[in-house]
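Single-letter residue listing:
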Amino acid sequence: MSAVTAPAPAAPARPAAQPLPPISYKGPIAYVVIALLALIAFGIVPASGKKTGFTVSTATDFFQIDRFDVPSKSTAIVLCLIALALGGLSAWYARNRRKAGVWLPAVYAVALVLALLVWAVAGKSSPLPLTGLLQGALFLAVPLVFGSLAGVLCERSGIINIAIEGQLLAGAFLAAVVATLTQSAYLGLLAAPIAGALVSALLVAFAVKYVVDQIIVGVVLNVLVVGVTSYLFSTVLKVNASTLNTPPRLPTLPIPVLSEIPVLGPVLFRQTALVYIMYVVVIVLQILLFRSKWGLRLRAVGEHPKAADTVGIKVNRTRIRNTLLGGAVAGLGGAFFTVANGLAFNKEMTAGKGYIALAAMILGRWSPKGALAAALLFGFADSLQQAFGIIGTSIPSQLMLMLPYLVTIFAVAGLVGKVRAPASEGIAYVK
Amino acid sequence: MNAAPDVPAADAKDERLEPRLQGALREMLTSNWLVTVAALLLALVVSAVLIAAADEDVHTTAGYLFARPADFLSAVWDSVWGAYVALFQGAIVDPTAATFTKAIRPLTETMTWSVPLILAGLGLSVGFRAGLFNIGAQGQIILGAIFGGYIGFAFGLPPVLHLLLAIIAAALGGAIWAGIAGFLKARTGANEVIVTIMLNNIAVYLVAYLLTLTAFKRPGSNNPQSPAIEGTAVYPQLLGDGFRLHAGFLLAILATVFVWWLMDRSTLGFQFRAVGANPSAARTAGININRIYLLVMLTSGALAGLAGSAQVLGTEKVLTAGVAASFGFDAITVALLGRSKPLGTFLAGLLFGALRAGGFAMQARTGTPIDIVLVVQSLVVLFIAAPPLVRAVFRLPSPGRRKQVSPTPAPVTKEAAA
């Protein structure tokens, strides 16, 4: 094909001398190779004659769908062939310089994951509860979603927030204490953002006022929050566990009618208030960030602070406000660990979820909806690993747990498309 | 040039002397080490507030604070002083001990704890000075421990050779793990902070997975631990069997000297620093930046891998999932506290080793949880990173000609590297 046959009306302004960039087949090749490997591992190697069982309904559903079994080998082969075909399609798109929609990688991933499920549960007596799997995925994704939204808010305004882990932990701590003291899970939910914002306040104090490197402050703040919460846990919470550290559980609020929809109903609408807040926050942020004056200013400060300053936007004030807001969002996510589960606070109970949230933010390309999708993906991997543990498959749980991190490395290395951070993140703005 | 009269000359000399003295004083008051000491002091004061706030006696006396404030103050003093004295006795020397060996045991404990901190801290400091923020020491220590440990328990070799091979394997393991991040940074521009964080987590699950395999698991044991390291592959004890201190400490000293030579005396180190100071200028000067990124990460990882060897071949003598403890994360604060200089990192490693050793003694004697050590560590680094804050608190004069804080990236990394 020649470089001249570009769609004529679309780009009349393009200088004729500039050649088109070379076609990159990196993505399509990766798609095809992974699909081929999956075809061999899940479809061709395993013995035939086994069946895989799935259940969809939970016992309380209005509509009941019975357990169904599929032949493992042939189903896996079909699913892998679908993935292979999608890989070929993406190569065709690349060759014609057309962009494939989001649907392509999404369908590709679903096909491969289903193939993996069919293979892993083949021949087991207990079926795989699909609804439970998705419900668990959404539930486990909650702190990741809040954490990565916090990251989006901070980094879009130009402050790198490595302290998400600390903000989650502080939120979990304060939520547990306040909920226990007041015997109200909802008050705990209100207190959590305050703790997260406090951590953020330290972050901006050092990053903006004293111009300390933001990554250093973030890393150190994580250690500080772990130290302070663990210290207070050992000295105060442990001895007075009944009066300070037995938070009530956030009740599940099924939304009438909607929660009776098969599969989706129980997954999306039979959740706690925290999950509903999460829906609202994601949607509101997605709209405001890209469609409002506030969002435009926020992004301007993160991309080109000098230009923003020239037109009269207070750069550092904008950064401070949004980092505090981000900390509050992450703190709210921290409430997941204690109040939403009805669990007592424990030392380092966030267990690195803040770092996964950071990864989800990058994988989601610094946008709320992308962060949501990436967090759901990680939540799904986590949920899958738990389900496999119950059913007892041959896949080691450690390897399943590694997956989100591997995916993130591939993502930042540019295999899953180009990721670009806000141009001025991590750079302090001094007039 | 007329010959000046005697008297004015002497005056002039005095005048010259005066500012010099003042300058020296000023230099001393504004120098980095004074800020370091002040930051440490400030961190201890803030932590003292936490210690006092969680103390039972302080709570009871606070109930009648206005009736008898002296009780409250003495309770505060007792709790803080008791904790810090226990910390000191557990870290340096215990004068109350019955025998001399028992009295100096705390110091040897401090040295033992500091070995992995120094080695990993040195590794990170090399990265920091080259402008690479390697957060992955934790994963690199684990990989070093896996490689070194495997050579240590799976092979039977002659004494000296076995230990040497195991150490080299550990360095190789760490270098490979960090090299992944360096390679990706060089080839695709992937942010090394994110990649090393992810590699940390992968390493944690990797070692847990390996310990379920027959090649790594101790036969006849249900616990996830490897067979014991062969006696030929362990670091020799430095002070006999009564102490835990092993030859890894000598390795840490050697590594400190090596890093000093590498960064301050070798051409390669100069290139490392040039890339760290200004990548664009370094590229213009003909330095292959991508090659340097890879080499920096390999060096950095190899040093962290040595820290892994100190753990698995020296202190623990067995590979477990928790072999790296939290040394990789503590090493970040060690390198920052040491301002990424070899000697500074060595001393910072000793200090944090002392906090760790003393922390356990404090927990045992006064019941103050060791978690307070994390608070002290993080506060020290925070304060050191913000010298204006420390100067403001202690009313220290600011340096005569303060460099204008430039809006270029990572001013503090540079200050830490300076």
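The model shown is predicted, which means the values in this text are computed figures rather than measured ones.

## Some words on the interface of chain A and chain B
Point 1. The interface is formed by 41 residues belonging to chain A together with 44 residues belonging to chain B.
Point 2. In terms of residue count, helix 7 (residues 214-237) of chain A provides more of the side of chain A that touches chain B than any other element does, 15 residues in total.
Point 3. Broken down by class, the residue content of the side of chain A that touches chain B amounts to 31 nonpolar, nine polar and one charged.

## Things to note about the domain arrangement of chain A
Point 1. Each domain of chain A was delimited in the assignment, giving domain 1 (26-125) and domain 2 (131-374).
Point 2. Domain 1 of chain A and domain 2 of chain A are separated by 33 Å when their C-alpha centres are compared.

## Side note on helix 16 (residues 387-394) of chain B
In an α-helix there are 3.6 residues to a turn, and that puts residues three or four apart on one side.
All names here are of chain B.
Point 1. Where helix 16 is concerned, the buried positions are Pro387, Leu389 and Val390. Burial along helix 16 is one-sided: seen end-on, the buried residues are contained in an arc of 160°.
Point 2. Buried residues along helix 16 sit against helix 2 (32-53) and helix 15 (371-385).
Point 3. Remark: Arg395 follows helix 16 within two positions and exhibits a positive phi of approximately 55°.

## Some points on the nonpolar core
Point 1. Counting residues in each nonpolar core, the largest one holds 270 residues, and the members touching the most others are Ala115, Ala175 and Ala360 of chain A together with Leu119, Ala120 and Leu306 of chain B.
Point 2. Counting only domains with at least three residues in this core, you end up with domain 1 (26-125) and domain 2 (131-374) of chain A.
Point 3. With residues up to four places along the chain from it excluded, the contact list for Ala175 of chain A reads Gly188, Leu189, Ala191, Ala192, Pro247, Gly334, Ala335, Thr338 and Val339 of chain A.

## Some details on the confidence of the model for chain B
Residue and element names in this part refer to chain B.
Point 1. Residue-level pLDDT values for chain B average 84, and 88% of them are 70 or greater.
Point 2. For the stretch residues 1-18, pLDDT sits under 50, and the model shows one contact to residues farther than four places along the chain or on other chains.
Point 3. Scored below 50 in pLDDT, residues 401-418 shows 29 contacts in the model against residues more than four places distant or in partner chains.
Point 4. Reported confidences for the modelled complex are a pTM of 0.83 and an ipTM of 0.81.

## Observations concerning the packing of helix 9 (residues 248-265) of chain B against helix 12 (residues 289-315) of chain B
All names here are of chain B.
Point 1. At a minimum axis distance of 10 Å, the contact between helix 9 and helix 12 shows a crossing angle of 170°. The orientation of helix 9 with respect to helix 12, classified from their angle, is roughly antiparallel. Packed against helix 9, whose contacting residues are Gly248, Leu251 and Ala255, the element helix 12 presents Leu303, Leu306, Ala310 and Gly314 at the interface.

## Topic: the sheet that holds strand 1 (residues 51-55) of chain A
Residues and elements named next belong to chain A.
Point 1. If you trace the three strands from one edge of the open sheet to the other, you get 2-1-3, paired in mixed fashion. Every other strand in the sheet has two partners, leaving strand 2 (68-71) and strand 3 (128-129) as the edge strands with one partner each.
Point 2. Both strand 1 and strand 2 contribute to a ladder of four bridges, which runs antiparallel. The residue of strand 2 that forms the bridge with Lys51 is Pro71.

## Regarding the pairing of strand 1 of chain A
Point 1. Where strand 1 of chain A meets strand 3 of chain A, two bridges bridge the pair, whose relative direction is parallel. Bridge assignment links Phe54 of chain A to a residue of strand 3 of chain A, and that residue is Leu128 of chain A.

## Comments concerning the environment of Ala192 of chain A
Point 1. With respect to the helices and strands, Ala192 of chain A occurs in helix 6 (residues 185-209).
Point 2. Remark: the alpha-carbon pair of Ala192 of chain A and Leu232 of chain A, spanning 40 residues in sequence, is separated by 16 Å.

## Some thoughts on the environment of Ala130 of chain B
Residue and element names in this part refer to chain B.
Point 1. Its location among the elements puts Ala130 in the loop between helix 5 (100-129) and helix 6 (137-154).
Point 2. It is 9.5 Å that separates the C-alpha atoms of Ala130 and Phe270, two residues lying 140 residues apart in sequence.
Point 3. With near-sequence residues (within four places) excluded, Ala130 lies in contact with Phe272, Arg273, Val275, Gly276, Ile292 and Val296.

## Some thoughts on the packing of helix 1 (residues 26-44) of chain A against helix 2 (residues 72-95) of chain A
Residue and element names in this part refer to chain A.
Point 1. Axis separation between helix 1 and helix 2 bottoms out at 8 Å; the angle between their running directions is 170°. One element, helix 1, and the other, helix 2, form an angle in the roughly antiparallel class. Residues Gly27, Pro28, Tyr31, Val32, Ala35, Leu36, Ala38, Leu39, Phe42 and Gly43 of helix 1 touch helix 2, and the partners they reach there are Lys73, Ala76, Ile77, Cys80, Ala83, Leu84, Leu86, Gly87, Gly88, Ser90, Ala91 and Ala94.

About the thresholds
- Residues numbered from 1 in each chain as written.
- Chains lettered and ligands numbered in written order.
- Predicted model: local features only at pLDDT ≥ 70, side-chain atom pairs only at ≥ 80, totals over all residues.
- Contact = placed C-beta atoms within 7 Å.
- Helix = DSSP H or I, 4+ residues; strand = E, 2+ residues; numbered from the N terminus.
- Nonpolar A, V, L, I, M, F, W, Y, C, P; charged D, E, K, R; others polar.
- Domains from an automatic or database assignment.
- Buried ≥ 20, exposed ≤ 12 C-beta atoms within 10 Å, placed from the backbone.
- Arc of directions from axis to C-beta.
- Core = buried A, V, L, I, M, F, W, Y, C linked by C-beta atoms within 7 Å.
- pLDDT = per-residue confidence, 0-100.
- Axes fitted to C-alpha atoms, helices over the stretch in contact; angles between N-to-C directions.
- Parallel < 35°, antiparallel > 145°, perpendicular 65-115°, else oblique.
- Pairing = 2+ DSSP bridges.

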